[in-house]
Amino acid sequence: MFGASDNEEDRRRFLRRVGLIGLAQVAGFGVLGARLYQLQVVDQRQYGELAEANRTMRQVIAPLRGRIFDRNGRIVADTVERFQAMVTPSLAGDLEAVLDRIHAIRPLSQDERRRVMEAARGQSANTSIVVIDDITWREVAALNFHALRLPGVHTQIAGERRYQTGPELGRIVGYMGRVERFALDDDPVLRLPTIKVGRLGVERGLEKQLRGQGGFVAREVDARRRIVRTLEQADPQRGRDVALTIDPATQKRLLARLSGHRRAAGVVLDIATGDVIALGAHPAFDASRLSAPMSEADWRKVREAQGDPLIDRASQGLYPPGSTFKMITALAALEAGVITRFDQIHCPGYVAMGRRRFRCWNRGGHGPCDLHRAIRESCDVYFYEVARKLGIRRIADMARRFGLGQSYDAGIEPIKSGLIPDPEWKRGRFGKEWYGGETLLAGIGQGYVLSTPLQLAVMTARLASGRDILPTLVRPRVDGVTQAKALKINKGHLAAVQKAMSAVVNEGGGTGKEARLNDQRLQIYGKTGTSQVARISSSVGRDQLPWRLRDHALFVGYVVDSAPRYAVAAVVEHGGSGGKVAAPLVRDIIADTVAIDAAARPVFDVSAGQRVAGGRARGRQR
Amino acid sequence: MRAHLQIAGGDLTIGQKLLRVPWLAFVVMALIVCIGLASLYSVAGGSFSPWAERHVVRFLAGAGLMLVIAVIPRGFWLGLANPVYLIALVLVGAVLFIGTEGGGAKRWLSLGGVTFQPSEVMKLALILALARYYQWLGPERVSHPLWMIAPILLIAAPVGLTLMQPDLGTAILLSVIGLAIMFLAGVHLLYFLGGAAGVALAAPYAWSMLHPYQRKRLEVFLNPDTDPLGAGYHIAQSKIALGSGGLTGRGFMNGTQSQLDFLPEKRTDFIFTMFAEEWGFIGSLVLIGLFAALTLMLLVMASRCASPFSRLVIAGTGVMIFIYTFINVAMVSGLVPVVGVPLPLVSYGGTSMMTIALAMGLSMCAYVHRGQGMPRRIGVVV
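Residues numbered from 1 in each chain as written. Chains lettered and ligands numbered in written order. Predicted model: local features only at pLDDT ≥ 70, side-chain atom pairs only at ≥ 80, totals over all residues.

Quick look at the overall build of chain B now. Counting its regular elements, chain B contains 14 helices and three strands. Each of the 382 residues in chain B was classed as buried or not, and the buried ones make up 49%. A separation threshold of at least 6 residues defines the contact pool for chain B, and within that pool the share at least 24 residues apart is 72%. (Helix = DSSP H or I, 4+ residues; strand = E, 2+ residues; numbered from the N terminus. Buried ≥ 20, exposed ≤ 12 C-beta atoms within 10 Å, placed from the backbone. Contact = placed C-beta atoms within 7 Å.)

Moving on, we come to the overall build of chain A. Along the backbone of chain A there are 21 helices and 20 strands. Relative to its full complement of 622 residues, chain A shows a buried share of 44%. Long-range contacts, defined here as pairs at least 24 residues apart, represent 74% of the contacts in chain A between residues at least 6 apart.

All names here are of chain A. Strand order in the open sheet formed by five strands is β12-β11-β20-β19-β18, and the pairing between neighbours is antiparallel. Whereas interior strands pair on both sides, the edge strands pair on one side only; in this sheet they are β12 (276-282) and β18 (523-531). Between one strand axis and the next, the sheet turns by 10° as a mean value, whatever way the strands run. The pairing of strand β11 (residues 264-270) with β12 spans six bridges and is classified as antiparallel. Each residue of the ladder has a partner; that of A265, found in β12, is A281. (Pairing = 2+ DSSP bridges. Axes fitted to C-alpha atoms, helices over the stretch in contact; angles between N-to-C directions.)

Positionally, P89 of chain A belongs in helix α3 (residues 89-92). Judged by C-beta crowding, with 22 C-beta atoms within 10 Å, P89 of chain A ranks as buried.

All names here are of chain B. In this model, helix α13 (residues 308-332) (25 residues) spans 35 Å end to end at C-alpha, consistent with the 36 Å of a helix rising 1.5 Å per residue. With respect to burial, α13 is a largely interior element, 24 of its 25 residues being buried. G334 lies just past α13 and shows a positive phi near 80°. (Expected span 1.5 Å × (residues − 1).)

Counting residues in each nonpolar core, the largest one holds 121 residues, and the members touching the most others are L269, V568 and A570 of chain A. Ignoring sequence-local partners within four residues, the contact set of V568 of chain A consists of G266, V267, V268, A457, G557, Y558, V586, I589 and I590 of chain A. If you look at the next biggest cluster of nonpolar residues, it comprises 116 residues, including F29 of chain A together with I69, W77 and A131 of chain B. (Core = buried A, V, L, I, M, F, W, Y, C linked by C-beta atoms within 7 Å.)

With that out of the way, let us pick up the packing of helix α4 (residues 74-98) of chain B against helix α6 (residues 149-164) of chain B. The relative placement of two packed helices is expressed as an angle between their axes plus a distance between the axes. Residue and element names in this part refer to chain B. α6 packs onto α4 with a crossing angle of 20° between their chain directions and a minimal axis gap of 9 Å. The angle between α4 and α6 falls in the class roughly parallel. As α4 packs across α6, the resulting crossing turns out to be left-handed. Residues L89, V92, G93 and L96 of α4 form the contact with α6, whose participating residues are A157, P158, L161, T162 and M164. Of the residues contributing to the contact of α4 with α6, the split by class is seven nonpolar, two polar and no charged. (Parallel < 35°, antiparallel > 145°, perpendicular 65-115°, else oblique. Left-handed = near helix turned anticlockwise from the far one by under 90°. Nonpolar A, V, L, I, M, F, W, Y, C, P; charged D, E, K, R; others polar.)

Turning our attention to the confidence of the model for chain B. Residue and element names in this part refer to chain B. This prediction gives chain B a mean pLDDT of 82; 80% of its residues lie at or above 70. Note on residues 1-9: pLDDT under 50 across the span, and 14 contacts to partners over four residues away in sequence or across chains. Here residues 378-382 scores under 50 on pLDDT; set against residues more than four positions off or in separate chains, the count is six contacts. (pLDDT = per-residue confidence, 0-100.)

The subject of this paragraph is the environment of A464 of chain A. For A464 of chain A, the location among the structural elements is in helix α19 (residues 453-465). Given 24 C-beta atoms within 10 Å, A464 of chain A falls into the buried group.

What follows covers the pairing of strand β14 (residues 350-353) of chain A. All names here are of chain A. The pairing of β14 with strand β15 (residues 356-359) spans four bridges and is antiparallel. The residue bridging M353 from the neighbouring strand is R356, located in β15. The antiparallel hairpin formed by β14 and β15 contains two residues in its connecting segment, where G354 sits at a positive phi of about 60°.

Here the focus is unusual backbone geometry. All names here are of chain A. Cis geometry is adopted by the peptide bond preceding P414, which originates at E413 and carries an omega value of -5°. Within the secondary structure layout, P414 lies in the loop between α16 (392-401) and α17 (423-430). R475 connects to P476 through a cis peptide bond whose omega is -5°. Within the secondary structure, P476 is located in the loop between β17 (474-475) and α20 (491-506). Phi angles above zero are rare outside glycine, and K488 is one such case at about 60°. Mapping K488 onto the fold places it in the loop between β17 and α20. With 9 C-beta atoms counted inside 10 Å, the residue K488 sits in the exposed group.

Residue and element names in this part refer to chain B. In contact at an axis separation of 8 Å, α4 and helix α5 (residues 118-137) are set at 145° when each is read in the N-to-C sense. Here α4 and α5 pass one another in a crossing that is left-handed. Across the interface between the two elements, L78, A81, N82, V84, Y85, A88, L91, V92 and V95 of α4 pack against P118, S119, V121, M122, A125, L128, A129, R132 and Q135 of α5. Considering only residue class, the contact of α4 with α5 consists of 14 nonpolar, three polar and one charged.

Before going further, it helps to examine helix α13 (residues 326-336) of chain A. The buried count for α13 of chain A comes to nine of 11 residues, which makes it a mostly enclosed element. Phi turns positive one or two residues past the end of α13 of chain A, at G337 of chain A, with a value near 80°.

The subject of this paragraph is the confidence of the model for chain A. Residue and element names in this part refer to chain A. On average, residues of chain A carry a pLDDT of 86, and 88% of them reach 70 or more. Across chain A, element-level confidence peaks in α19 with a mean pLDDT of 97 and bottoms out in helix α2 (residues 48-53) with 39. Segment residues 1-6: pLDDT under 50, and 19 contacts once partners within four positions in sequence are set aside and those in other chains are kept. Taken as a whole, residues 47-54 scores under 50 in pLDDT and shows six contacts with residues more than four places along the chain or in a different chain.

Encoded structure:
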């Protein structure tokens, strides 16, 4: 069988159709030609002969980035302005002669001259070349004064980010990097070739506020491409300044305390304001190093370093809160009315559910426990039973009211939101139903529950104050909160839980005795947590386990003098027992914090505008 | 009669085949590539690196490939048509899952360190598959409703997948190329009129089925003036650049609009603006003239062929190059919305260059073997 390629009728039909397609193509090209004729010839003439010679040049001007101060008003991130002398070869005409004249104003080295001449040969004559990278204000004035004799020469301001953070504030302040991807609705400033944007910490979290508003200048240029006049101009608006709530002294002490452990993280909150006084993790890392170009080898070293120093464990580390979660379960139960604080539950050392046994940490059992004793001695069985009566939804609701399972607009990014599980989440994540046993585990802060040290500090501050404390690392606040609202928890219920938290530290049998301070004026409230990483058979001693399988040690606490002052949360990764390891750590952090008492001094007010120290004044003088 | 209907190119030596290659078309292609070269040299601020040198290397590699394809007997390519189509379709589908994102849409695929756009290869595969289908079908059944199903599915599958990326530009290109081939194959005109009427009737209904956010996206897409700082800004800048070129242009390497970084994507999709600003309306006419010469030459070549496969491969390539050129130039001059279509042989980009080289190679192959008939049935089953 062969195709009917010799079929005359078919051939003629094909020729007709090819002819039609050909006509369509000719018409298409005709349309394009007509359109281009309109744009390139007709519209061109509209402006008359002047339009041939004159045209406007529009340039976007980058704004200067806002500064970042620490709590005391010292500058930690500054944009240093630098004046550059530029030349555009096509405007300059005789480039050598122009360089000679610049030389008369500010001597140019042979190297500088050679670099400019080489650059001029190697690129389009319309692209400006940097003649001198850093000139003084006086030289700018001189160049502008002689502008008529210096065709094609102009000066511009370049901004460069400088950090004076040190290892304590580096990761919180963050760093800047080039724009990786453009979106259609981007700020035109982002299209400037030299622009950088925040990549971590405050630089990223407050990118929009810090960046400011770009300006532009539209200039009319004549046929010889010299600037005739400025048509339109809008100055760029400097980005907003911010101050950190972090107190450098407290932060330094916190990091020193944390460095006693292999991997640890801690957060100190001012309960009255929600200000984060200190937030850090060990190993620490000065992220501002990443702003400067870095060799591939160095970058690999940083990335693969022991303990992932790039991750800020305080705001991004996810840990099961363990027993530090028990106050949430207790309050959920009291508020729901499924128990009263006097109800006793007998702890035989385990609870049976179906075929599974859920054990208490105390294998021998606590015997009869009421709420006070259950928190003081961290009885698991009590909370298994309470969780079973409550159901997961009421536990999850209460956890969210206390700031768990959510991110905060605290001024840094990224902040992890942790996880408060519920049946909807499980169905979406795994496509499976919720099991009753999972409610029991959630009731003691295990199972799917995950939280960051920052969230635990927020939870503690809310337990201490009964108010809706939201954390912030910057002033002015990003979330616009002026006054924390009451949580609408029954005062008696909250007081019962607080009393039990005091007993954890101060009464016999309390699991957090190590957190006690020898100071009559201060009272410490707290709760230990020892969160399980792997399920271990009872025959192996916990101390003999490999490090990575050991329990995380946690402690949350707050200190009260006449009123609740500071809330602290600390996690020691694979540290073992919360009572033995994390409780003394938090005691030391609280002692340091109270000794420095940063919250007694207000955060530096950026709107006052005074520059306290560091940095360089605009237009450096020689 | 029977004698010269023999299959394969056995009666032509390689030398004879090379003599029959349409060298004039080859020269026109090379001239267009030279324009691309000059523009890329200018975009780099007067430097062969990094773009111009790679552009020329890609063209030389493509030209070699083209000649190799041209001398291989047609039967080989006919046999490859369906497997190539299936592979291309799988790759286009794979982009949705493992593709890398660029500019908001997943279009790129990375295989063994090489990144490319499967949707480019898809255009070629579609031409081949449709040409093979009509070769097999024969002229008497072309307009039978039952035999319309397969070609429509062949077109609809890749169009649907590229719409999901979402890549409206490629979806339009594929539809136009596919429909043009059906038209050239001789499908009755009433189908096209009926189809157009059907689309016109269904459009309002489809519109009402869309989510509000999808509608908004389409509105911005169809009318970029609603987003003046985004796409509209680019078109405004592009038009200013074209206008500033005037009749004779601003001169090589002196395009102010383009050199001063006002133009987006100036080495890829917007390279025509760059060229037209520097070489003026006269330059634009020369470039458009070269494209017109190339695409019309392909139609003439197609009309000299005997078998449906040869005719449709050549004419399909012509339509493809035309529609690329038309949409690209219409886009940068503000006639149609920005859809991200490169200018063939001029825009910087390896996949686009390869697609054109492969398509031209196949067309030349079809033309070289034009005197010979082809078997209708080939051993590869869909």
